[in-house]
Amino acid sequence: MTARASGRKVPFINKVKVSQWMRGSKTISSTIPETVGLTRTELSRMLGRYRMVYVKPSNGQKGQGVMRVRKLGDMYEFRYKRMSNRTATVVGLYKLIQRYRIGRRYLVQQGIHLMTYKGRSFDLRLMAQRKSTSGPWVITGKFARVAAKGKIVTNAAQGADVYLVQPVLRANLSESKVRSMIEQVERLVLRIAQRYAVLIPSCVELGIDIAIDRNHRIWMLELNTKPGIYPFRYFKDKSMYRKILAYRRAQ
């Protein structure tokens, strides 16, 4: 299967394989949440280790089919969209997941306690592009995605609000730390793009989702080979949108 991005066919790699490939890099591995294929055994192990995990389609998009599971004392809390349920056993939990899954292949990912903005979780989407397969990767745009009230995902397609990155970070960090954090995030995104391009040399565009947890640690949540760019049109200043389009036309 292939995904079309910027007029090019890009081989589609499932999220577990991407995670394993990224964890093979010494400079990136510490930012990659543990991600494994969904089985009842792996679900139990991951909950024992992290107490919170996300269960999502291996080839999912736009936050569809994402579930969150937490171990709370002797119970397991299951969240899907705005629905919540509890069960006392992993067997019962696994049955809930099977009831609501929307595809064949699912994965379990280490849960990250996201930084918040106005009481809602947020993450960052950065666009990394290059004009040719031999050209340098460049950050062409970035924004913050703030989850809709009561939602567990931050995708715009699931009702998240889109903001410029700086004001969202300023709600949590000093001005100097905001600048430092953005620099760290951008360096990581460029390393991720360069690493992915070793696996898929034909790739010229990526949408990379970055989380910052409550301890200010940076994580890569997902890597998208056919990222939508319509959220960049929301901003009054269209410079990021125009830059992204310019890179697409050059590819």
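What counts as what
- Residues numbered from 1 in each chain as written.
- Predicted model: local features only at pLDDT ≥ 70, side-chain atom pairs only at ≥ 80, totals over all residues.
- Heavy atoms only, no water.
- Buried < 20%, exposed > 50% of the residue type's maximum accessible area, 1.4 Å probe, protein only.
- Helix = DSSP H or I, 4+ residues; strand = E, 2+ residues; numbered from the N terminus.
- Arc of directions from axis to C-beta.
- Contact = heavy atoms within 4.5 Å.

Caption draft 1: Expanded view of helix 2 (residues 40–50). Buried residues of helix 2: Leu43, Met46 and Leu47, and no others. Along the long axis of helix 2, the arc covered by the buried residues comes to 100°, so they all point the same way. Among the exposed residues of helix 2, those oriented more than 90 degrees off its buried face are Thr41, Gly48 and Arg49. Positive backbone phi, at 70°, marks Arg51, one or two positions downstream of helix 2.

Caption draft 2: The side chain of Thr87, seen in detail. Locating Thr87 in the fold gives a position in strand 7 (residues 83–87). Since its relative accessible area comes to 14%, Thr87 is described here as buried. Those residues in contact with Thr87 that lie beyond four places of it in its chain are Met75, Tyr76, Gly92, Leu93 and Leu96.

Caption draft 3: Region of interest: unusual backbone geometry. Phi angles above zero are rare outside glycine, and Lys81 is one such case at about 55°. When you line up the elements, Lys81 lands in the loop between strand 6 (75–80) and strand 7. Here the phi dihedral of Lys118 falls at roughly 55°; this positive angle occurs in a residue that is not glycine. The topology assignment puts Lys118 in the loop between strand 9 (116–117) and strand 10 (120–129).

Don't take any of this as a statement about function, it's just geometry.
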